[in-house]
Amino acid sequence: MAKEPVRVLVTGAAGASFSGQIGYALVPMIARGVMLGADQPVILHMLDIPPAAEALNGVKMELVDAAFPLLKGVVATTDAVEACTGVNVAVMVGGFPRKEGMERKDVMSKNVSIYKAQASALEKHAAANCKVLVVANPANTNALILKEFAPSIPDKNISCLTRLDHNRALGQISERLNVQVSDVKNVIIWGNHSSSQYPDVNHATVKTPAGEKPVRELVANDECSGAAIIKARKLSSALSAASSACDHIRDWVLGTPEGTWVSMGVYSDGSYNVPAGLIYSFPVTCKNGEWCIVQGLPIDEFSRKKMDATAEELSEEKALAYSCLS
Ligand code: NAD
Ligand code: LMR
């Protein structure tokens, strides 16, 4: 029997400004089944702001023209209530993107008001148990604001995207070691989706003909390359962010493969002595639509310092975000 369609909200779907256009790359992936599976029909809800309404309608026309078999409907609107009504998955891309030379904190106050308003619309109108992924920067703190203003959505349903950083680490290890990316696993992104994040390869392995080898023996810990993309493209990452957003939701809903974890920004419960009450990226496994933080990994002194430093930045961002609310 055919499955019932899942309603997926994408905010910022027009990708109408002169930046990275994640939404425009993301909606065809969702319509093709990349996010929820090749047998899962979807109804896309796309939200953007009034100046982008015409461009948003153009995206809707293209989706119709592409005749995606899984796509059972498209709602394209500038009304947050209409956009959020009945959605099962919400991917929050809309916001004010950082441009070359800009600090993430420069855009905090604009994003706090966007996320406060959209939280209320989701809280009142989304389907029960809606899963939320915040992509727009500052992603962790936008997700925290969303959580604060949508108290009836369970904490476990609100997350932010650090899967792009996780995938970048896998990609860079595979390039350096000249191995298939699918043979590398279990890197970790700890903390903030910012330059303070800690990409940790201490527990990562690579499959070789002689069995699994620790990556740590082969490459050093890596650095985030978001700023490098902005420098090269004069735009922030778009196709890799869209693809990683699909990976994030797919693994969350359909589960992570046995023996593999992924990185997700989730509400800290104090695991690994990360302060509770932050949205912090942890290694997680997913099963039956629920994520669970991987416990008991040994943390050395170097890692501890890096994990604390990114937590400290998130605490500062949280304080700054709250100051924007008053
Ligand atoms: P973009 O400017 O191309 O698209 C943003 C879209 O959001 C535009 O269409 C804009 O009109 C819309 N928008 C603005 N305010 C809105 C609102 N209140 N409601 C609905 N839509 C709204 O930007 P982009 O390059 O697609 O990036 C989107 C966000 O994702 C940025 O914040 C960027 O920094 C962030 N980003 C995050 C990651 C990550 O891994 N977490 C990676 C890359 C980019
Ligand atoms: C990225 O990781 O590519 C982006 O989050 C960079 C940015 O600040 O927009």
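The rules behind these values
Residues numbered from 1 in each chain as written. Chains lettered and ligands numbered in written order. Predicted model: local features only at pLDDT ≥ 70, side-chain atom pairs only at ≥ 80, totals over all residues. Heavy atoms only, no water. Helix = DSSP H or I, 4+ residues; strand = E, 2+ residues; numbered from the N terminus. Buried < 20%, exposed > 50% of the residue type's maximum accessible area, 1.4 Å probe, protein only. Contact = heavy atoms within 4.5 Å. Areas by Shrake-Rupley, 256 points an atom, 1.4 Å probe, with all protein chains shown as cover. Lys, Arg positive; Asp, Glu negative; His and termini not counted. Charge placed at Lys NZ, Arg CZ, Asp CG, Glu CD. UniProt positions renumbered as here; feature names shortened; annotations may be inferred. 1 Å grid on protein atoms, 1.4 Å probe; cavity = no way out; pocket = protein on both sides within 12 Å on 5 of 7 lines; lining within 4 Å. Points joined across faces, edges and corners; volume = space filled by probe spheres on them. Nonpolar A, V, L, I, M, F, W, Y, C, P; charged D, E, K, R; others polar. Pairing = 2+ DSSP bridges. Phe/Tyr/Trp six-rings, centres within 6.5 Å; stacked < 30°, edge-to-face > 60°. Lys NZ or Arg CZ within 6 Å of the ring centre and 35° of its normal. Expected span 1.5 Å × (residues − 1).

### Brief notes about the overall build of the protein
Scanning the protein from N- to C-terminus turns up nine helices and 14 strands. Taking the principal axes of the C-alpha coordinates as reference, the protein spans close to 50 × 50 × 40 Å. In the protein, buried positions account for 52% of the 326 residues. Sequence separation of 24 or more characterises 72% of the internal contacts of the protein that already satisfy a separation of 6 or more. Here the protein has roughly 14600 Å² of accessible surface; of this, 54% comes from carbon and sulfur atoms. Once the 31 positive and 34 negative side-chain charges of the protein are each reduced to a mean point, those two points are 1 Å apart.

### A closer look at the UniProt feature "active site" (unreviewed entry) in the protein
Under the local residue numbering, the UniProt record ascribes the feature "active site" (unreviewed entry) to His193. Mapping His193 onto the fold places it in the loop between β8 (188-190) and β9 (198-200).

### Some thoughts on the layout of surface pockets
Roughly 250 Å³ of volume is contained in the second largest pocket. Around the second largest pocket sit 14 residues that line it, and Arg163, Leu170, Val181, Val184 and Thr260 are the ones nearest its centre. Listed by contribution, the elements that provide at least two residues to the lining of the second largest pocket are α6 (163-177), β7 (184-185) and α8 (239-254). Partitioning the lining of the second largest pocket into residue classes produces six nonpolar, four polar and four charged.

### Describing the environment of Thr310
Position of Thr310 relative to the elements: it lies in helix α9 (residues 301-325). Distance from Thr310 to Gln197, taken between C-alpha atoms, is 5.7 Å for residues 113 residues apart in sequence.

### Regarding the pairing of strand β11 (residues 211-214)
When strand β10 (residues 205-208) meets β11, the two strands line up antiparallel, connected through four bridges. In the strand pairing of β11, Thr208 is matched with Gly211. Taking the residues that link successive antiparallel strands as the turn, the β10-β11 hairpin has two residues.

### Structural notes on the sheet that holds β7
Taken together, three strands build an open sheet; the order of strands is β7-β10-β11 and the sheet is antiparallel. Whereas interior strands pair on both sides, the edge strands pair on one side only; in this sheet they are β7 and β11. The pairing of β7 with β10 spans two bridges and is antiparallel. Paired with Lys185 across the bridge in β10 is Thr205.

### Observations concerning the packing of aromatic side chains
Across all of its chains, the model carries four aromatic pairs by this definition. Their ring planes at 75° and their centres at 6.3 Å tell us that Trp190 and Phe282 sit as a pair that is edge-to-face. With Trp190 in strand β8 and Phe282 in strand β13 (residues 279-287), this residue pair connects regions lying 92 residues apart in the sequence. Exposure class is identical for Trp190 and Phe282. Each is buried. Judged by centre distance (6.0 Å) and plane angle (70°), the rings of Tyr198 and Phe302 are edge-to-face. Placement of the pair is Tyr198 in strand β9 and Phe302 in helix α9, with a sequence separation of 104 residues. For Tyr198, a relative accessible area of 1% puts it in the buried group. Feature note: the residues Trp190, Tyr272, Tyr280 and Phe282 constitute an aromatic cluster, connected by ring pairs. The residue whose ring lies beneath Lys110 is Phe96, and the NZ or CZ to ring-centre distance is 4.5 Å. A cation over an aromatic ring shows up here: Lys147 above the ring of Tyr267, its NZ or CZ 4.5 Å from the ring centre.

### Some points on α9
Look at α9: 36 Å from first C-alpha to last across 25 residues, which is about the 36 Å you get at 1.5 Å a residue. The elements touched by buried residues of α9 are α4 (108-125), α5 (139-148), β8, β9 and β13.

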